[in-house]
Amino acid sequence: MGSGSRGNATIVLENDRGVLIDCGFNRKNILLRLQESGVDPRQLDGVFVTHEHGDHAKGVAALCEALSIPFYASFGTARKMEWTEHPLWRCISSDQVTSVGGLAVLPVVVPHDAEEPLQFVLENSAEKRLGVLSDLGSLTPHIVNVYQRCHALQVEANHDPLMLQNGPYPPSLRARVAGNFGHLSNQQCAELISRVQWDGLQHVTAGHISEKNNDRALVSQTLSQALQCAPHEVSLLQQDQVSDWRQL
Ligand SMILES: [Zn+2]
Ligand SMILES: [Zn+2]
């Protein structure tokens, strides 16, 4: 539905029912994006929230209240968002699967500078697996282990380290982004892909691409090397446009 530092949301549909992962867009904006993708909001059964940063969480409660659907977030995220008394909040914990509609959703702990950040691996009844991974500063053995055998991956390729170093950010923000609890560089994204690649991997999409500290051609180039494909075959998410569907 859109990805970047000004808002993130991903929709996953299974047999016409679906969930959103994050809603960093306001209600009007996300409803417009859903419409552009041909989704009726009444098809949604819930929203899974990765962490409290505004580009992921700011539209969640308003959307869920309007649709009367639950939202799923860790206790830490809920506390930061002041959701712990909210009737639509459902608490999720790392490594404990929650089933919604036809989807089993596994929350995965990631290193990021938030209270209790999670990312998700989703699986349907045909055992097709989608890994969604953004907002993490480094790869852990646990992450590399859990994201194995995915049929599709949506991974953060946030910045090019040289562009970040020479870019417009003040030194403190630069250090935050580059740090172990910040965001993945193009190279770290490529490393993750190389380490989980297998014959069943059908789609790889790169997201959360910085508009100031990255260049889309660099992302394509770096990831195409890891995937051993042509640069134009790497698909990149956009901030201001919804993406085409990927089918598993
Ligand atoms: Zn983010
Ligand atoms: Zn974040």
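Cut-offs applied
- Residues numbered from 1 in each chain as written.
- Chains lettered and ligands numbered in written order.
- Predicted model: local features only at pLDDT ≥ 70, side-chain atom pairs only at ≥ 80, totals over all residues.
- Heavy atoms only, no water.
- Donors = N, O, S within 2.8 Å, 3.2 Å for Na, K, Ca; no water.
- Tetrahedral: all angles 85-135°; square planar, octahedral: opposite > 155°, others 65-115°.
- Helix = DSSP H or I, 4+ residues; strand = E, 2+ residues; numbered from the N terminus.
- Buried < 20%, exposed > 50% of the residue type's maximum accessible area, 1.4 Å probe, protein only.
- Contact = heavy atoms within 4.5 Å.
- Core = buried A, V, L, I, M, F, W, Y, C linked by side-chain atoms within 4.5 Å.
- Pairing = 2+ DSSP bridges.
- Axes fitted to C-alpha atoms, helices over the stretch in contact; angles between N-to-C directions.

1. What about the coordination of the zinc ion (ligand 1)?
Then step 1. For the zinc ion (ligand 1), the full set of protein donor atoms is D55 (OD), H56 (NE2), D135 (OD) and H208 (NE2), at a range of 2.1 to 2.3 Å.
Then step 2. Coordination at the zinc ion (ligand 1) comes from four donor atoms whose angles at the metal span 90 to 164°, giving a geometry best classed as irregular.
Then step 3. Counting gaps between the donor residues of the zinc ion (ligand 1) yields the pattern D-H-x78-D-x72-H.
Then step 4. A gap of 3.6 Å separates the zinc ion (ligand 1) and the zinc ion (ligand 2), which D135 links by coordinating each metal. With a gap of 153 residues between them, D55 in helix α2 (residues 54-57) and H208 in the loop between β11 (203-207) and α9 (216-227) connect regions that are remote in the sequence. No difference in accessibility class separates D55 from H208, as the two residues are buried.

2. A closer look at the environment of P168
Then step 1. Its place among the elements puts P168 in the loop between α6 (161-165) and α7 (171-178).
Then step 2. Taking the relative accessible area as the measure of exposure, P168 reaches 55% and is therefore exposed.
Then step 3. Considered as a pair, P168 and K28 are 140 residues apart in the sequence and their alpha carbons are 31 Å apart.
Then step 4. When near neighbours in sequence (up to four residues on either side) are disregarded, P168 contacts K212 and N213.

3. Comments concerning the nonpolar core
Then step 1. The biggest cluster of nonpolar side chains holds 30 residues, and the ones touching the most others in it are L133, I143, Y147 and L223.
Then step 2. Within the residue set of this core, elements represented by two or more residues are β7 (103-109), α5 (141-146), β10 (152-156), α8 (186-196), β11 and α9.
Then step 3. A per-element tally of this core places α8 first, with five residues.

4. A few points about the environment of G2
Then step 1. By the secondary structure assignment, G2 is in the segment before β1 (10-14).
Then step 2. Its relative accessible area of 7% is what places G2 among the buried residues.
Then step 3. Residues G2 and A175 lie 173 residues apart in sequence; the distance between their C-alpha atoms is 26 Å.
Then step 4. G2 has contacts with G7, N8, A9, F25, R33, Q238, Q239 and Q241, leaving out every residue within four places of it along the chain.

5. Here's the deal with the sheet that holds strand β6 (residues 98-100)
Sheets are built from strands that pair by backbone hydrogen bonding, the pairs being arranged parallel or antiparallel.
Then step 1. Strand order in the open sheet made by the seven strands is β6-β7-β8-β9-β10-β11-β12, with mixed pairing throughout. Since the sheet does not close on itself, it has two edges, and those belong to β6 and β12 (235-236), each with one partner.
Then step 2. Strands in contact with α8 are β9 (129-133), β10 and β11; relative to β10, the strand with the most contacts, it is inclined by about 155°.

6. Looking at the coordination of the zinc ion (ligand 2)
When a metal carries six donors in an octahedron, the ideal angles between them are 90 or 180 degrees, while four donors in a tetrahedron ideally lie at 109.5 degrees.
Then step 1. Only H51 (NE2), H53 (ND1), H112 (NE2) and D135 (OD) from the protein coordinate the zinc ion (ligand 2), and they sit 2.2 to 2.4 Å from it.
Then step 2. Because the angles between the four donor atoms bound to the zinc ion (ligand 2) fall within 90 to 167°, the donor set is best described as irregular.
Then step 3. We note that the donor set of the zinc ion (ligand 2) lies within a single chain, spaced as H-x1-H-x58-H-x22-D.

By themselves these figures say nothing about function.
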